[in-house]
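Commentary on secondary and tertiary structure
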Amino acid sequence: MLSSVCDPFALSESCEVRLAPRCSVPNCERKIAGFLLAAAYCPTHFVAACNVKMNGLAKHFRTSCSTEAGQRKMRAELGQMADQVYAASLWCELFSGYERIRVLEILERLGLLFSKVRRSERIANVIDVQVVKDGPASGQPENTRTEVVSRHGATLRSSQNFRRGDFVNIQRLDMGSTARARVVWQYQRAAEGALTAVEIINKLDFWA
Ligand SMILES: [Zn+2]
């Protein structure tokens, strides 16, 4: 049994367990990598839960979006899910290579659904940006566009090769504002440019 009280002088395994809850799927003891709504999931179950949720949203997409109120609700649901998937993606060392690709695919599907909801809300998902690698070997500026944005960051296509941890400067071409970001990961797909996830590190509400 784990103690429910954290003793600061004890070797704090129980504290650690308390701070890092386990997956909410029965009999799964793995560490969590993310939340979907209020439920915590390990990487495998997170991907599975996201796919179930996503299939549900996609299945009822047309009927849900047939009214203004339905569209707003859909955008809100997609937005919350994008935030949570994005937050989980920042823990990508917990995910296997295969799971990372699945997470990126979920972000990609979210982007597709987002693009189908009429754009009436404040934050658009497709934003033209210029990306330039930061650091000693800074690269050429590249004009591209985001696919999904969230409070934490964005995914975008890039023809450049990035490594996890690379810093980039992002300028919004619609507003001129700039932010610094860190590359979380990149998924190479020759034809369309690599899908690249970045985390904004110095601005809140950069996309608002
Ligand atoms: Zn699990």
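A brief report on the enclosed structure follows. (Residues numbered from 1 in each chain as written. Predicted model: local features only at pLDDT ≥ 70, side-chain atom pairs only at ≥ 80, totals over all residues.)

**Quick look at the overall build of the chain**
Along the backbone of the chain there are five helices and eight strands. Listing every helix and strand of the chain by position from the N terminus yields α-β-β-α-α-α-α-β-β-β-β-β-β. Residue pairs in contact within the chain that sit at least 24 positions apart in sequence constitute 48% of those at least 6 positions apart. (Helix = DSSP H or I, 4+ residues; strand = E, 2+ residues; numbered from the N terminus. Contact = placed C-beta atoms within 7 Å.)

**Some points on the pairing of strand β4 (residues 142–149)**
The pairing of strand β3 (residues 128–133) with β4 spans four bridges and is antiparallel. Bridge pairing links Val131 to Glu142 in β4. Pairing between β4 and strand β5 (residues 153–158): three bridges, direction antiparallel. Counted as the bridge partner of Val148 is Thr155 from β5. The hairpin turn running from β4 into β5, its antiparallel successor, is three residues long. (Pairing = 2+ DSSP bridges.)

**Some thoughts on the nonpolar core**
In terms of nonpolar packing, the biggest core is built from 46 residues, with Phe46, Val85, Val103 and Leu110 touching the most fellow members. Each of domain 1 (13–116) and domain 2 (128–200) gives at least three residues to this core. Among all residues touching Leu110, those that are not within four sequence positions of it are Leu78, Met81, Ala82, Val85 and Val148. (Core = buried A, V, L, I, M, F, W, Y, C linked by C-beta atoms within 7 Å. Buried ≥ 20, exposed ≤ 12 C-beta atoms within 10 Å, placed from the backbone. Domains from an automatic or database assignment.)

**A closer look at the sheet that holds β4**
Overall, antiparallel pairing links the six strands, which are arranged β3-β4-β5-β8-β7-β6 in a closed barrel. Each neighbouring strand pair of the sheet contributes to a mean axis angle of 45 degrees, computed without reference to strand direction. The sheet contacts of helix α5 (residues 97–116) involve β4, β5, β7 (178–187) and β8 (194–200), and relative to β4 the element is tilted by about 90 degrees. (Axes fitted to C-alpha atoms, helices over the stretch in contact; angles between N-to-C directions.)

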